Amino acid sequence: MGEVTRFFLCTTNITGCKIFGGIQAVLNAIYLVLVIYGFALANDQFDQVHQQLRDAGLYRHKFHQELAELSNTSNTLLIITMVIYSLAILISLMLIAGAMKRNSCLVKTWMVFNGLAILAYAYGTFFNGKWKNLAVLAVAIWSELVAFGALKEINILNTTPNLPQTQSGAPPNPQAQSGLPYPMTEFGAPRLPNLQQPSSHI
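Parameters and conventions
Residues numbered from 1 in each chain as written. Predicted model: local features only at pLDDT ≥ 70, side-chain atom pairs only at ≥ 80, totals over all residues. Heavy atoms only, no water. Core = buried A, V, L, I, M, F, W, Y, C linked by side-chain atoms within 4.5 Å. Buried < 20%, exposed > 50% of the residue type's maximum accessible area, 1.4 Å probe, protein only. Helix = DSSP H or I, 4+ residues; strand = E, 2+ residues; numbered from the N terminus. Contact = heavy atoms within 4.5 Å. Phe/Tyr/Trp six-rings, centres within 6.5 Å; stacked < 30°, edge-to-face > 60°. 1 Å grid on protein atoms, 1.4 Å probe; cavity = no way out; pocket = protein on both sides within 12 Å on 5 of 7 lines; lining within 4 Å. Points joined across faces, edges and corners; volume = space filled by probe spheres on them. Nonpolar A, V, L, I, M, F, W, Y, C, P; charged D, E, K, R; others polar.

Caption draft 1: The arrangement of the nonpolar core in detail. Formed by 15 residues in total, the largest nonpolar core has its most connected members in Cys-17, Leu-95, Val-107, Trp-110, Met-111 and Ala-147. For this core, the elements supplying multiple residues, two or more each, are α1 (13-55), α2 (62-101), α3 (104-126) and α4 (134-159). With five residues, α4 is the largest single contributor of residues to this core. If we ignore the near neighbours within four places in the chain, the residues touching Trp-110 are Gln-24, Ile-91, Met-94, Leu-95, Ser-143, Glu-144 and Ala-147.

Caption draft 2: Looking closely at the packing of aromatic side chains. Across all of its chains, the model carries six aromatic pairs by this definition. Ring centres 5.4 Å apart and planes at 75° place the aromatic pair Phe-8 and Phe-20 in the edge-to-face group. One end of the pair, Phe-8, is in the segment before α1; the other, Phe-20, is in helix α1, with 12 residues separating them in the sequence. The class of Phe-8 is buried, set by a relative accessible area of 10%. A ring pair is formed by Phe-20 and Trp-142, whose centres lie 5.1 Å apart and whose planes are at 85°; its orientation type is edge-to-face. Of this pair, Phe-20 sits in helix α1 while Trp-142 sits in helix α4, and the two are 122 residues apart along the sequence. Among the aromatic residues, ring-to-ring pairing joins Phe-8, Phe-20 and Trp-142 into one connected group.

Caption draft 3: Highlighting the environment of Gly-124. Locating Gly-124 in the fold gives a position in helix α3. Given a relative accessible area of 7%, Gly-124 falls into the buried group. Residues Gly-124 and Leu-134 lie 10 residues apart in sequence; the distance between their C-alpha atoms is 9.2 Å. Excluding residues that lie within four positions of it along the chain, Gly-124 makes contacts with Gly-129 and Lys-130.

Caption draft 4: Fine view of the layout of surface pockets. Approximately 800 Å³ is the volume attributed to the largest pocket. Around the largest pocket, the lining is made up of 22 residues, and of these Gln-24, Asn-28, Ala-117, Tyr-121 and Val-136 lie nearest the centre. Broken down by secondary-structure element, the contributors of at least two residues to the lining of the largest pocket are α1, α2, α3 and α4. Residues that form the lining of the largest pocket fall into these classes: 17 nonpolar, five polar and no charged.

Printed below as a string of structure tokens:
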């Protein structure tokens, strides 16, 4: 894999995909927990206001109805957000599985979703003036390059025959394995030593 550019610093692109996928999965899980916690607090506030309106005898007041609609909208947004972050976690795990199993189809699928995220971040950065997304856009492009390099490495690994290797990573030496001072033949048997004496010339 010497001809493949290593986009992820000094390690292989396959390892970089595992690291990127793990970081994305953890961050999305944290965001999901924070979102659920935030919506839970909001629902508690809604319940308290509902109870106060009931106690004040304003159960059928217009403000109470608007508050109920706002609560329903909040629950709908919670469900949508949970689905989005759950899919993001699944896609991140897809990248990890593709790198570990050398499955180019999983890596390509992740690249498609990451490409859509790049377009969304680029649109929000350059057209809506959300410059705080510029760092996220740069990381997304970097991860796309790492995945592209990992695809090349996976293709090389999948097309290379699996030869047995020693602890150092080199193919085994038949001569060293046989323990004999002479090499093995192609059939695995040692070659017979040459017993012929050199002819002497008088």
